[in-house]
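So the chains spell out like this:
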Amino acid sequence: MPTRPPFLATPLRPLVASLLLASAPVPAARAAAAPAVPTFFTAWGSTGSSPGQLKVPFFLAVDGQGHVYVADSQNNRVQEFDRLGNLLRLYGSYGSGNGQFSAAEGIATDAAGNVYVGDWYNNRVQKFDPNGNYLLQWGGAGTGPGQFNGPEGIAVDAAGNVYVGDYNDARIEKFTSTGASLAQWGSAGSGPGQLNAPEGIAIDDAGDVLVADYGNNRVQRFTAAGAYVGQFGSAGSGNGQFSGPAGIGVDALGNIFVAEENNARVQKFDRTGTYLAQWGSAGGGNGQFNKLFGLAVDGAGNVYTSEYFGNRVQEFSGAGAAMSQAPPQWVATLNSTPTMPSCTGAGVSTTGTACVLDYTAGKVVTFGPAGWLSTWGTAGTNPGQLNQPYIIAMGPGDAPHVFDAYQTTLRVQRFTTAGAYLSGWTTTYGTGPGQLQNPAAMAVDAAGNVYLLDRGMNTPYVVAPRVEKFTSAGSFVMQWTLNSGANSIAVDGNGYVYVANNSDANVYKYDSGGNLVGQWNSAGAFGSLMSTQTIAVSPVGTVYVTDGNTNQFMVFAAPARIEMISDVAGDQGHKVHVRFRRSSADDASSVTPVLGYDVYLRSDATAAAVPVAHVAARPAAPAYLTPASTATEYAVDVSTAIDATRTADWYSAFFVRAWIGPYSSIDSDVEYGRSVDNIPPPAPTPFTAAYASGATYLHWGASTAPDFATFRLYRGASSGFTPGAGNLVSASADTGYVDVGPAGSWYKVSAVDLDGNEGGWSVLGPGRTSSVAPGEPLAFVLEGMRPNPASSRSLVVRFTLPTATPARIELLDVAGRAVVTRVVGGMGAGVHALDLARDGRVAPGLYFVRLEQGTRRATARTTVLE
């Protein structure tokens, strides 16, 4: 296990109380550039009406925690999953009452986690709280304000306003979060601002509304008030063309993703609608689509899609490197007490009580975190007695299920934790479905379904190892084949089935339908446990293993699991919000409680890392002073290696270390997140101009942005011209420009920060340009430092040069020594501003600024503060 690093951890509040870390920059070597196309990560769902299954899912949404909400249309319900596809909750049924649906189609979430659902045939929108409780509704059939004729796509902006696509009325309607009508726009047609079957809606980072105009095979952009801005796309299958654009989403960088139903692909565009990349084809494989429709993008840049024929959700990792869960790691070994001559199995309750079988004596021994609790059971074949009990597992309500392995019995019995008999059922010996030949392990899920691992035998006429699934009453459901050597099984709180294999030292993970969803090698963790009889997983993820050779009861804790790493909105970048699920050791029943967590910024391709945050979980020593916490999730804001920009999509790598002692810890897997500078610089002011001797002398104020990089000056023929590469006349940090040529042009100037964010424009036209009489010279002027006193980080000097002859400006200390010298004659005649601290900070003190050009000289005094 890793050694505790020698740094002083600062006690910080867990869970929702975020931690703001120092934003000192770290080397870019700790980051990786994302691919142009997200990579396939995982998929979940199958056709049906059982929990987790889907029937014609249209749209989906993602909330701030990374939970995925699917409008399960034909099942008339909403299903909520975590980003790994684990079902968290579902709600809804067929009907027109509160909380019921008649084809749930559109879906969106707001910043508070409330869920809005478009109820197609009921022509209404329903609102639910984050727990799925019905709150309110609005709508009704019709064409008036607040009425619908097929509500489809839904989106919510940063202010909580709700936008609904009215499919058959070909319009967009805007509401408050309580359903008050604010605006409507659009009409049937193919002209600018008209719509033909509007589907998905998304809000970009500028607050504009993007609409997938399905019937017109294009995407249209509107302001939040409904004014038409522009469009992109046309009918076809080429790059940037569409055939049935439906779902649409926008990431933190402003990239636009569009799901196409008929071309079975996702296309990626920049914020202007310029084509960037695509992925997908028709089919049922990973990255293929069977009637692709819905699309959503989470705060980490991961892309989720839904297919209404494929009845599944696919997730694509924006970082290009998908998260995978680290396996449980050893934390404790408990010797069997009292002595157990033939320990063969164990089950663990929700409170941490472990029930361990004594095969020969026909008894069950129970343990708590502190050790032995009780012994119960008698040998025999009557209901409630145990006849060579070989397997035990916990079911709903912490009820121990015991399997009698003797061939004449072959039964499963259910008891209370104290040993009182509840119920039982039997099966027969054999190799057919529902029969058992060599049962080795058993697990019970939250619904009471029983999974029995039938190990088989090494003879030609016997079936291979398999899992057989039964209902709680013993009815056979299904089976699937396992690799040779499988000998133990467990089910976690999300219904996933784990199978341990002694032959290859692997643990295999399956969903409840028998589909393999993951595996990992346990040789390093399980060591010599080659005679393992049972693997059990507690509801919080701690794994318990019995070793038949040593009669030891071993405990393996699940590491913390990073749920999502998302950009901190509304900041200058270099910070992300990390949400992670607790380690299973961070539990009241844990024999090795977690002392605290450290979030690490991974520094290279190996395990080297630097700590960037500490979260105290449980008090155990003076260094950990926060109250005890066994919170399900924690959240913390941490520094990143580098910001992602529109031209370079950089991700930083993190992992979470859970300390289970002063020098012992277990690590999560690495997950990736990107930070974005969300604040563009303000428009430069004031903006002035003077025309003289065949040139316009332009001047604007210095930028007040903390991460300013350059100004951009554009020239056009009218006040409404659109700034762009074709009319850019200057890109410089200078606050002035001499534009040679006739008077009468319009100018727009903007500021750009270090991450490439361009702010708004200051506009100046001919009516505001003063004139200087021909031949009248400009004055030689040194305005000095503004402000004065000045900050050592920004020493902006303003001055005017009458000609373009050689000139220089100097910053002198009180002894007359030049601290900074700049040659400025090349800046040309005109009004200028120059930051003398751009190449490095100047020490606080008293200074003089001196400007020289030919025989002209001017001096000004300034004070520099820290």
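**Quick notes on the overall build of the protein**
Then, in step 1: In terms of regular secondary structure, the protein is built from one helix and 71 strands.
Then, in step 2: Relative to its full complement of 866 residues, the protein shows a buried share of 56%.
Then, in step 3: Partitioning the intrachain contacts of the protein with sequence separation of at least 6 by distance along the chain shows that 53% fall at a separation of at least 24.

**What to know about unusual backbone geometry**
Then, in step 1: Geometrically, the link from T685 to P686 is a cis peptide bond, its omega value of -10 degrees lying close to zero.
Then, in step 2: By secondary structure assignment, the location of P686 is in the loop between β55 (675-676) and β56 (687-692).
Then, in step 3: We note that H574 has phi near 65 degrees; this positive angle belongs to a residue other than glycine.
Then, in step 4: Within the fold, H574 resides in the loop between β46 (561-567) and β47 (575-581).
Then, in step 5: Accessibility expressed as a relative area gives 24% for H574, which makes it partly exposed.

**Quick notes on the sheet that holds strand β50 (residues 633-639)**
Then, in step 1: Spatially, three strands are ordered β46-β47-β50 in an open sheet, and the strand pairing comes out antiparallel. Each edge of the open sheet carries a strand with a single partner, namely β46 and β50. Neighbour-to-neighbour, the strand axes of this sheet turn through a mean angle of 25 degrees, independent of strand direction.
Then, in step 2: Pairing between β46 and β47: six bridges, direction antiparallel. Counted as the bridge partner of D567 is V576 from β47.

**Some remarks on empty space enclosed by the protein**
Then, in step 1: If you walk through the whole model with that rule in mind, you get four cavities of 30 Å³ or more.
Then, in step 2: Lining the second largest cavity are P35, A36, P38, D251, N255, F257, K268, G301, G318, D649, Y651 and R674.
Then, in step 3: Among the residues forming the lining of the second largest cavity, the class breakdown is five nonpolar, three polar and four charged.

**Some words on the sheet that holds strand β23 (residues 292-297)**
Then, in step 1: In space, the four strands of this open sheet follow the order β2-β25-β24-β23, with antiparallel pairing throughout. For this open sheet the edge positions go to β2 (39-44) and β23, each flanked by a neighbour on one side alone. Shown here is a sheet whose adjacent strand axes are inclined to one another by a mean of 25 degrees, direction ignored.
Then, in step 2: Pairing geometry for β23 and strand β24 (residues 303-307), over five bridges, is antiparallel. Residue pairing for β24: L292 is matched across the bridge by E307.

**As for the packing of aromatic side chains**
Then, in step 1: Using the criterion set out here, one finds 38 aromatic pairs in the structure.
Then, in step 2: Taking the centre distance of 5.0 Å and the plane angle of 40 degrees together, the rings of W425 and F470 count as tilted. Separated by 45 residues along the polypeptide, W425 in strand β34 (residues 421-426) and F470 in strand β37 (residues 466-470) bring together distant segments of the chain.
Then, in step 3: Connected via pairs of aromatic rings, a cluster forms that spans F40, F257, W279, F289 and F316.
Then, in step 4: Its guanidinium or amino end placed over the ring of Y600, R657 lies 4.7 Å from that ring's centre, counting from NZ or CZ.
Then, in step 5: The side chain of K748 reaches across the aromatic face of F721, ending 4.7 Å from its centre.

**Let's talk about the environment of A860**
Then, in step 1: Along the chain, A860 turns up in strand β71 (residues 856-865).
Then, in step 2: By relative accessible area, A860 is classed as buried at 17%.
Then, in step 3: Expressed as a C-alpha distance, the spacing of A860 and V797, which sit 63 residues apart in the sequence, is 10.0 Å.
Then, in step 4: Leaving out residues up to four positions away in the same chain, A860 has contacts with L782, G784, Y847, F848 and V849.

**Quick word on the nonpolar core**
Considering soluble globular proteins, one finds that nonpolar side chains tend to be buried as a cluster.
Then, in step 1: By size, the foremost hydrophobic cluster in this structure holds 25 residues, and its most contacted members are V578, F580, Y597, V599, V638, F654 and V656.
Then, in step 2: Breaking this core down by element, the ones donating at least two residues are β26 (329-335), β45 (552-557), β46, β47, β48 (596-602), β50 and β52 (650-661).
Then, in step 3: Counting residues per element, this core draws most heavily on β52, at four residues.
Then, in step 4: Contacts of V656, omitting those with residues within four sequence positions, involve A560, I562, F580, Y597, D598, V599, I666, D667 and S668.
Then, in step 5: Counting residues in each nonpolar core, the second largest holds 23 residues, with M785, I809, V824 and V864 among its members.

**Describing the pairing of β24**
Then, in step 1: Here β24 lies mainly inside the structure; five of its five residues are buried.
Then, in step 2: Where burial is concerned, the two faces of β24 agree: the one with V303, T305 and E307 and the one with Y304 and S306 are both buried.
Then, in step 3: Where β23 folds back onto β24 in an antiparallel hairpin, the turn is made up of five residues, including G301, whose phi is positive at roughly 85 degrees.

About the thresholds
- Residues numbered from 1 in each chain as written.
- Predicted model: local features only at pLDDT ≥ 70, side-chain atom pairs only at ≥ 80, totals over all residues.
- Heavy atoms only, no water.
- Helix = DSSP H or I, 4+ residues; strand = E, 2+ residues; numbered from the N terminus.
- Buried < 20%, exposed > 50% of the residue type's maximum accessible area, 1.4 Å probe, protein only.
- Contact = heavy atoms within 4.5 Å.
- Pairing = 2+ DSSP bridges.
- Axes fitted to C-alpha atoms, helices over the stretch in contact; angles between N-to-C directions.
- 1 Å grid on protein atoms, 1.4 Å probe; cavity = no way out; pocket = protein on both sides within 12 Å on 5 of 7 lines; lining within 4 Å.
- Points joined across faces, edges and corners; volume = space filled by probe spheres on them.
- Nonpolar A, V, L, I, M, F, W, Y, C, P; charged D, E, K, R; others polar.
- Phe/Tyr/Trp six-rings, centres within 6.5 Å; stacked < 30°, edge-to-face > 60°.
- Lys NZ or Arg CZ within 6 Å of the ring centre and 35° of its normal.
- Core = buried A, V, L, I, M, F, W, Y, C linked by side-chain atoms within 4.5 Å.

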